Amino acid sequence: MNKMLHLIKGEILRLVRYKIIFFAVLVSAIWVIIIALSDEATALALGPSLILMDAGLMSVILLGSSFFLEQQEGTLHALLVTPVQLYKVLIAKICSAMFMGFLSLIIVAGSILIFHGPMISILPIIFYTFLVILTHTAIGFLLILHSRDFMAMLVKYMGMVLLFMLPVLLVAVNVVPDEYEFLTLLSPSYAGQVLFQSTVKTVETWKVIFSVSYLALIPGLLYPLLVYKQFVKVAIEG
Amino acid sequence: MSNAFVVKELRFKYPKNNDDTIQGISFQVEEGKIFGLLGPSGAGKSTTQKILSKLLEDYSGEISYYGKDLKNYHKEFYEEVGVGFEMPVHFNKLTALENLKYFAGLYKTNIDYIELLTRVGLYEARNQLVGEFSKGMKVRLNFVRALLNDPKMIFLDEPTAGLDPKNAKIIKDMILEFKKQGKTIFVTTHLMGDVEQLCDYVVFMHKGRITETSTVRDLKMKYGKKELKIEYYNPDGLKSETYPLDKIGTNEAFLNALKKNEIETIHSGETTLEDIFIKVTGDVDNE
Ligand SMILES: Nc1ncnc2c1ncn2[C@@H]1O[C@H](COP(=O)(O)OP(=O)(O)OP(=O)(O)O)[C@@H](O)[C@H]1O
Ligand SMILES: [Mg+2]
């Protein structure tokens, strides 16, 4: 446990030194301005998407930049000749992504509370943020670990975002009939957004239950089956 | 005297390559001694070190560490083993001290690394970002990092490469002190000065094979040419001649040369390790 804490502290210190946290806070600060300038209804409508952007989509970019910087320095390789287990290193990295995600949750949700009053259910949103970060970093890690550098990862990442957003768009412009709307929930990002929406307005219960299970299932499968193995492989190859 | 490592018929091939990089080598690393692995660039020295330090796994042959198959050791192996990489690896945006603290925190036991940092002359620079370090500073920090857990088995891949003579001497003195404390040290190098001053015995490697196993003294005896070389000026210009050291006092040609000429220099032709290095590796190239 002590070692775990030590590793997490190390990850966060690096995020600070590489100015990755600064960048994360900067993005959240832009959201704060948007929230401050919006009226109550718009802020509530936007809020869930903004939190999703930070917790889901931004976290992958931040994780990726941190990872490739470390890759360049070869420090991951250096951990191989220490007694530390690699799964602990991976968990520390996930925790550092959590740290950034919750930081921006505090900033964005906090500014909604300040500018527009207490309208968000706090406990559920914390739980949902946790799920969204876990899912998106699991998918993100697969992209990162299968890319040679940051640019290669970005290209794959764009593809992922398009794929995840496409069903949402199709529903929005009414190309997809209403009875197939449930298919949009197969996009983890959309499922996350639905969860965040449920903290500010009523959403059908089945959608919430489905989304929670789905977002728990993805990291539950990806991390142990795919991500960890690839992580070890990349660490050894250096 | 017990062995830290016993290596038998070690073979290794990088997945991407066609040929074996290590082609069946056998040797022992004695406990409490300094073992030197020598050889020209690309011989497979670093590869061998990586195999012994459990970084490369898919080898064939047998390696035992203190009598137990190396493959049966897991992460606990690194509690008592220290590894210095060939290329210094650090977090560039962290200070020297932060780097050491981070890695030290991964071990159960720690050496007094502030003292080591002072010894290698980096104490003043401890709060400087490693990214701003000179090459030699990075090499010295890399050395300290390999010792953080006060290891009883130390791997050092070219520990003095890129250091000025003064700093190289500090590092070498420290290595000799570690030996006095009973630690086993595995050094990879192609610097002959290091070998002469450090190694109890050496293994020469070339193209993935071992070409010599010996002590430094025995090597010199085996390859040493006992001869004397003089240089002098005569009307034709600078001349040099070589005479066998055997019965030199009664060698007429030599004595005449001394009498008749203005001698510039006299060298005993004791073979240097450099010569041996070139000879040992050259022999293989000509096979
Ligand atoms: N990761 C790798 N993948 C494929 N081949 C490799 C790899 N690392 C080393 N080699 C090859 O293995 C051979 C031995 O390399 P190694 O680094 O062990 O040499 P070395 O004796 O340490 O040389 P030097 O004195 O230059 O450090 C070389 O031919 C090299 O090209
Ligand atoms: Mg090498």
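Residues numbered from 1 in each chain as written. Chains lettered and ligands numbered in written order. Predicted model: local features only at pLDDT ≥ 70, side-chain atom pairs only at ≥ 80, totals over all residues. Heavy atoms only, no water.

It is worth spelling out the overall build of chain A at this point. Along the backbone of chain A there are nine helices and zero strands. The helix and strand sequence of chain A, counted from the amino end, reads α-α-α-α-α-α-α-α-α. The globule rule puts the C-alpha radius of gyration for 238 residues at 18 Å, and the 18 Å found for chain A is close to it. C-alpha atoms of chain A, sized along the principal axes, occupy 55 × 40 × 35 Å. Taken across its 238 residues, chain A has 55% of its residues classed as buried. Once local pairs closer than 6 in sequence are excluded, the contacts in chain A between residues at least 24 apart make up 80%. Here chain A has roughly 11,000 Å² of accessible surface; of this, 74% comes from carbon and sulfur atoms. (Helix = DSSP H or I, 4+ residues; strand = E, 2+ residues; numbered from the N terminus. Rg over C-alpha atoms; globule rule 2.2 N^0.38 Å. Buried < 20%, exposed > 50% of the residue type's maximum accessible area, 1.4 Å probe, protein only. Contact = heavy atoms within 4.5 Å. Areas by Shrake-Rupley, 256 points an atom, 1.4 Å probe, with all protein chains shown as cover.)

Let us look at the layout of surface pockets. Leftover empty space is mapped by rolling, across the atoms, a probe with the size of a water molecule. Size it by volume and the largest pocket reaches roughly 830 Å³. As for the largest pocket, its lining consists of 26 residues, of which Ile236 and Glu237 of chain A together with Tyr14, Leu55 and Leu56 of chain B are closest to the centre. Elements with a contribution of two residues or more to the lining of the largest pocket: helix H9 (205–237) of chain A together with helix H1 (45–52) of chain B. Taken together, the residues of the lining of the largest pocket break down into 10 nonpolar, seven polar and nine charged. Taken as a whole, the second largest pocket spans an internal volume of roughly 420 Å³. Lining the second largest pocket are 14 residues, with Leu80 and Ile236 of chain A together with Lys54, Glu57 and Lys75 of chain B positioned closest to its centre. Ranked by residue count, the leading element in the lining of the second largest pocket is H9 of chain A, at three residues. Taken together, the residues of the lining of the second largest pocket sort by class into eight nonpolar, two polar and four charged. (1 Å grid on protein atoms, 1.4 Å probe; cavity = no way out; pocket = protein on both sides within 12 Å on 5 of 7 lines; lining within 4 Å. Points joined across faces, edges and corners; volume = space filled by probe spheres on them. Nonpolar A, V, L, I, M, F, W, Y, C, P; charged D, E, K, R; others polar.)

With that settled, the discussion passes to the interface of chain A and chain B. In this assembly, 22 residues from chain A lie in contact with 22 residues from chain B. Between chain A and chain B, roughly 2,200 Å² of surface is buried when both sides are summed, and carbon and sulfur atoms account for 67% of that area. For chain A, the biggest contributors to the area lost against chain B are Arg17, Val81 and Pro83 of chain A; these three give 29% of the whole. The interface formed by chain A and chain B includes two salt bridges. Close ionic contact of Glu98 of chain B with Arg17 of chain A constitutes a salt bridge, the shortest N to O distance being 2.6 Å. Inspection of the chain A/chain B interface yields eight residue pairs in polar contact (both at pLDDT 80 or more). Contributions of two or more residues to the side of chain A that touches chain B are made by helix H1 (2–17), helix H3 (40–73) and helix H4 (75–78) of chain A. Split by residue class, the side of chain A that touches chain B holds 10 nonpolar, seven polar and five charged. (Buried area = accessible area lost by both parts, 1.4 Å probe. Salt bridge = Lys/Arg side-chain N within 4 Å of Asp/Glu carboxyl O. Polar contact = N/O pair within 3.5 Å; in protein donor to acceptor, adjacent residues only side chain to side chain.)

Our focus in this paragraph is empty space enclosed by the protein. For the structure on display, the rule yields three cavities of 30 Å³ or more. Space inside the largest cavity adds up to approximately 90 Å³. Around the largest cavity sit Ala78, Val81 and Thr82 of chain A together with Val81, Gly82, Val83, Phe103, Tyr107, Arg145, Ala146 and Leu148 of chain B, which together line it. Elements with a minimum of two residues in the lining of the largest cavity: strand S6 (81–84) and helix H4 (135–146) of chain B. When its residues are assigned to classes, the lining of the largest cavity shows eight nonpolar, two polar and one charged.

This brings us to the packing of aromatic side chains. Under the criterion given, the structure shown has 22 aromatic pairs over all chains. Seen from their ring centres, Phe141 of chain A and Tyr223 of chain A are 6.4 Å apart, and the 70° between their planes marks the pair as edge-to-face. In this pair, Phe141 of chain A is assigned in helix H6 (residues 122–145) and Tyr223 of chain A in helix H9, connecting sequence segments 82 residues apart. Across the pair, exposure class does not vary: Phe141 of chain A and Tyr223 of chain A are buried alike. Ring geometry for Phe91 of chain B and Phe103 of chain B: centres 5.9 Å apart, planes at 20°, overall stacked. Remark: Phe103 of chain B occurs in helix H2 (residues 96–104) and Phe91 of chain B occurs in the loop between S6 and H2; sequence separation between them is 12 residues. Phe91 of chain B gets classed as buried once you look at its relative accessible area, which sits at 1%. (Phe/Tyr/Trp six-rings, centres within 6.5 Å; stacked < 30°, edge-to-face > 60°.)

With that settled, the discussion passes to the coordination of the magnesium ion (ligand 2). All names here are of chain B. For the magnesium ion (ligand 2), the full set of protein donor atoms is Ser46 (OG) and Glu86 (OE), and the range of their distances to it is 2.0 to 2.3 Å. Placement of Ser46 in helix H1 and of Glu86 in the loop between S6 and H2 is noted, with a sequence separation of 40 residues between them. The exposure class assigned to Ser46 is buried, which follows from its relative accessible area of 13%. Of the residues examined, Glu86 reaches a relative accessible area of 37% and is grouped as partly exposed. (Donors = N, O, S within 2.8 Å, 3.2 Å for Na, K, Ca; no water.)

Okay, the sheet that holds strand S5 (residues 68–69) of chain B next. Residues and elements named next belong to chain B. With respect to topology, four strands assemble into an open sheet ordered S2-S1-S4-S5, the strand pairing being antiparallel. At either margin of the open sheet sits one strand with a lone partner, and together these are strand S2 (22–30) and S5. Two strands pair when backbone bridges link them, and strand S1 (residues 3–12) and S2 are joined in this way by seven bridges, in the antiparallel orientation. Bridge assignment links Phe12 to a residue of S2, and that residue is Ile22. Along the sheet face, H1 touches S1, S2 and strand S4 (60–65) and points at about 60° away from the line of S2. (Pairing = 2+ DSSP bridges. Axes fitted to C-alpha atoms, helices over the stretch in contact; angles between N-to-C directions.)

So, about the side chain of Thr188 of chain B. Residues and elements named next belong to chain B. Here Thr188 is to be found in strand S8 (residues 184–189). Polar contacts involving the side chain of Thr188 include one to the side chain of Gln49, which spans 3.4 Å. Discounting residues that sit within four places of it in the chain, Thr188 has contacts with Leu37, Lys45, Ser46, Gln49, Leu156, Asp157, Glu158 and Pro159.

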